[in-house]
Amino acid sequence: VGFTLFSFNYSGDLLATGDKGGRVVIFQHEQESKNRPQLRGEYNVYSTFQSHEPEFDYLKSLEIEEKINKIRWLPQQNAAHFLLSTNDKTIKLWKISERDKRAEGYNLKDEDGRLRDPFRITSLRVPVLMPMDLMVEASPRRIFANAHTYHINSISVNSDHETYLSADDLRINLWHLEITDRSFNIVDIKPANMEELTEVITAAECHPLQCNVFVYSSSKGTIRLCDMRAAALCDRHSKFFEEPEDPSSRSFFSEIISSISDVKFSHSGRYMMTRDYLSVKVWDLNMENRPVETYQVHEYLRSKLCSLYENDCIFDKFECCWNGSDSAIMTGSYNNFFRMFDRNTRRDITLEASRESSKPRATLKPRKVSTGGKRKKDEISVDSLDFNKKILHTAWHPKDNVIAVAATNNLYIFQDKIN
């Protein structure tokens, strides 16, 4: 079952993945041991649970898929871990906890669990905790339902650690983590007449440091920054980020490829990154009229937009992510390629996630795509790229140079090479 997304927790020790079958699989980072130093980047299955089941909306005669759209971890407050997972309609808060002891020596029941006759109890025992095999339990603590008419595309935990927002195509709601029966609608772009609809919300995220600020991106290639202190309903944005279009490059596909598929704040909160079909842009929150950095992800596809439109690939939604220090960014492409850009040196690299190139401990070789003319020995021609093999989801460890990449039905984890 294909992975639909994944997310490292705040320490990077756990990696949660969601799939099309509604399951969440959590991988745990194995601690280094002196006698097996080669296990440095190993992640093994920690817990698996069914987060969502397929449902049927009888009022609208619609099937609601169990596929998980987003997972977001909450900052750890105690020994347990908490995460939010969502499908198209329902968000759930899950608690993941460990149990390695069990109580023995009850007074009112036998060791096999049967109740004892109270009249036969002649002495009192003090129950004791005995060690047992480690069990990892996942239990749903809250279910946030019935607040979205359209498909949920984003959830984002606020920096106050008490609230989070959820976004669908036309609305954004603000929730309190303890309250499931109501949410506040903070953005509503639904026109009175749906025939006048010109854009939809594609992604939304809370600012990492300021709990009153959030951004959302649109299918028109614009980003709006809103401040919840200004008004309860944030239909009027505080900042509007848009890059003026170059008239010379306008084509039939301009509007489709300018649609933003992902928006992510930098850890510092100073920048945000947006991904459209052909590029990644980094914006300074203090400058709205153009991005401060633009990185071409696969510019060689500009001449192939017609065939990408016909096979619907032009509507693929690629995600992007920052490394822990905000000095590098990563995003996916086709043919199981993914791209990394160093913001300081402006160097970039194309790597491939495939079974052939990803033997354990093997070093990834940079890949190059030839765009016509004479093809060099190691280059791959644009015409031989496989558009069914696409990397839509990537994640970067919050502290180390460890990355996770989903390619088709496989999850790859790569790490910096140690000498």
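Residues numbered from 1 in each chain as written. Predicted model: local features only at pLDDT ≥ 70, side-chain atom pairs only at ≥ 80, totals over all residues. Heavy atoms only, no water.

You'll find the protein chain entered in an unreviewed UniProt entry as Serine/threonine-protein phosphatase 2A 55 kDa regulatory subunit B, with Cyclopterus lumpus given as the organism. The record held by UniProt for the protein chain lists under Subunit (unreviewed entry) the comment "PP2A consists of a common heterodimeric core enzyme, composed of a 36 kDa catalytic subunit (subunit C) and a 65 kDa constant regulatory subunit (PR65 or subunit A), that associates with a variety of regulatory subunits." Recorded in UniProt for the protein chain, the comment headed Sequence similarities (unreviewed entry) runs: "Belongs to the phosphatase 2A regulatory subunit B family." (UniProt positions renumbered as here; feature names shortened; annotations may be inferred.)

### Things to note about the overall build of the protein chain
The number of helices and strands found in the protein chain is two helices and 31 strands. Compactness check: the protein chain gives a C-alpha radius of gyration of 24 Å against a globular reference of 22 Å for 419 residues, within 12% of the reference. Considered along the principal axes of its C-alpha atoms, the protein chain spans approximately 95 × 60 × 40 Å. Across the 419 residues that make up the protein chain, the buried fraction comes to 46%. Partitioning the intrachain contacts of the protein chain with sequence separation of at least 6 by distance along the chain shows that 51% fall at a separation of at least 24. Summed over all atoms, the accessible surface of the protein chain reaches about 22,700 Å², with 49% contributed by carbon and sulfur. Side-chain charges in the protein chain split into 57 positive and 60 negative, and the spacing between the mean points of these groups amounts to 4 Å. (Helix = DSSP H or I, 4+ residues; strand = E, 2+ residues; numbered from the N terminus. Rg over C-alpha atoms; globule rule 2.2 N^0.38 Å. Buried < 20%, exposed > 50% of the residue type's maximum accessible area, 1.4 Å probe, protein only. Contact = heavy atoms within 4.5 Å. Areas by Shrake-Rupley, 256 points an atom, 1.4 Å probe, with all protein chains shown as cover. Lys, Arg positive; Asp, Glu negative; His and termini not counted. Charge placed at Lys NZ, Arg CZ, Asp CG, Glu CD.)

### Overview of the sheet that holds strand β9 (residues 91-104)
Spatially, four strands are ordered β7-β8-β9-β10 in an open sheet, and the strand pairing comes out antiparallel. Of all the strands in the sheet, the pair left with one neighbour each is β7 (70-73) and β10 (128-144). This sheet shows a mean twist of 25 degrees between the axes of neighbouring strands, independent of strand direction. Strand direction decides the pairing type here: β7 and strand β8 (residues 81-86), joined by four bridges, are antiparallel. From the neighbouring strand, I71 faces β8, where its bridge partner is S85. (Pairing = 2+ DSSP bridges. Axes fitted to C-alpha atoms, helices over the stretch in contact; angles between N-to-C directions.)

### Details of a nonpolar patch on the surface
Together, F252, Y309 and F315 line one region of the surface with nonpolar side chains, adding up to about 330 Å² of accessible area. By the element assignment, F315 lies in the loop between α2 (305-310) and β23 (320-322). (Patch = residues over 30% accessible without salt bridge, like charges linked within 9 Å, V, L, I, M, F, W, Y side chains within 5 Å. Salt bridge = Lys/Arg side-chain N within 4 Å of Asp/Glu carboxyl O.)

### Considering the pairing of strand β29 (residues 393-396)
Where burial is concerned, the two faces of β29 agree: the one with H393 and A395 and the one with T394 and W396 are both buried. Direction of pairing for β29 relative to strand β30 (residues 402-407): antiparallel, over a ladder of four bridges. Residue pairing across strands places T394 opposite V405, the latter belonging to β30.

### As for the side chain of T394
Looking at where T394 falls in the secondary structure, it is placed in strand β29. If we skip the residues at most four places from it in the chain, T394 touches F6, E319, C320, C321, M330, T331, G332, A404 and V405.

### What about unusual backbone geometry?
Located in the positive-phi region is D312, a residue other than glycine, with phi close to 70 degrees. At N336, a residue that is not glycine, the phi angle is positive and equals roughly 60 degrees. If you trace the backbone, N336 turns up in the loop between β24 (328-332) and β25 (337-342).

### Quick notes on the pattern of salt bridges
Within the structure shown, the criterion is met by 22 salt bridges. The partner of R302 in a salt bridge is E299, with the nearest N and O atoms 2.5 Å apart. By relative accessible area, which is 38% here, R302 ends up partly exposed. With a relative accessible area of 33%, E299 lands in the partly exposed category.

### Some words on the packing of aromatic side chains
What characterises a pair of aromatic rings is the spacing of the ring centres plus the angle enclosed by the ring planes. Scanning the model with the defined rule gives 18 aromatic pairs in all. Pairing Y295 with F341 gives two aromatic rings, centres 4.9 Å apart and planes at 35 degrees, and the pair type is tilted. Of this pair, Y295 sits in strand β22 (residues 293-296) while F341 sits in strand β25, placing them 46 residues apart in sequence. Taken individually, Y295 and F341 each receive the classification buried, so the pair is uniform in this respect. One aromatic cluster is present, formed by F252, F253, Y309 and F315 through successive ring pairs. For K109, the ring lying beneath its charged end belongs to Y106, and the centroid distance is 4.6 Å. Sitting over the face of the ring of Y271, R343 holds its NZ or CZ atom 4.7 Å from the ring centroid. (Phe/Tyr/Trp six-rings, centres within 6.5 Å; stacked < 30°, edge-to-face > 60°. Lys NZ or Arg CZ within 6 Å of the ring centre and 35° of its normal.)

### Topic: the pairing of strand β11 (residues 154-157)
Remember that side chains alternate between the two faces of the sheet whenever the strand is regular. Side chains S154 and S156 project from β11 onto one buried face, and the interleaved I155 and V157 project onto a second face that is buried too. Of the strand pairs in this sheet, β11 and strand β12 (residues 163-167) are connected by four bridges, and their pairing is antiparallel. Opposite V157, over in β12, you have Y164 as the bridge partner. Here β11 folds back onto β12, and the loop between the two strands holds five residues, one of which, H161, carries a positive phi near 60 degrees.

### Some thoughts on the sheet that holds strand β31 (residues 410-415)
Across the sheet, three strands lie side by side as β29-β30-β31; this open sheet has antiparallel pairing. Each of the sheet's edge strands pairs with one partner strand only, and the pair in question is β29 and β31. Geometrically, the sheet is characterised by an average inter-axis angle of 15 degrees between neighbouring strands, direction not taken into account.

### Considering the nonpolar core
Within the largest apolar cluster, 18 residues are counted, with the highest numbers of intra-cluster contacts made by Y277, L301, L308 and L385. Non-local contacts of L308, meaning those with residues more than four positions away in its chain, are made with Y277, L301, C313, I314 and F387. Residues L364, W396, I403 and F414 belong to the second largest nonpolar core, which totals 15 residues. (Core = buried A, V, L, I, M, F, W, Y, C linked by side-chain atoms within 4.5 Å.)

### Notes on the state of the cysteines
A complete count under the given rule lists zero disulfides for this structure. For C206, which is in no disulfide, the shortest distance to another cysteine sulfur is to C211 and amounts to 9.2 Å. (Disulfide = S-S within 2.5 Å.)

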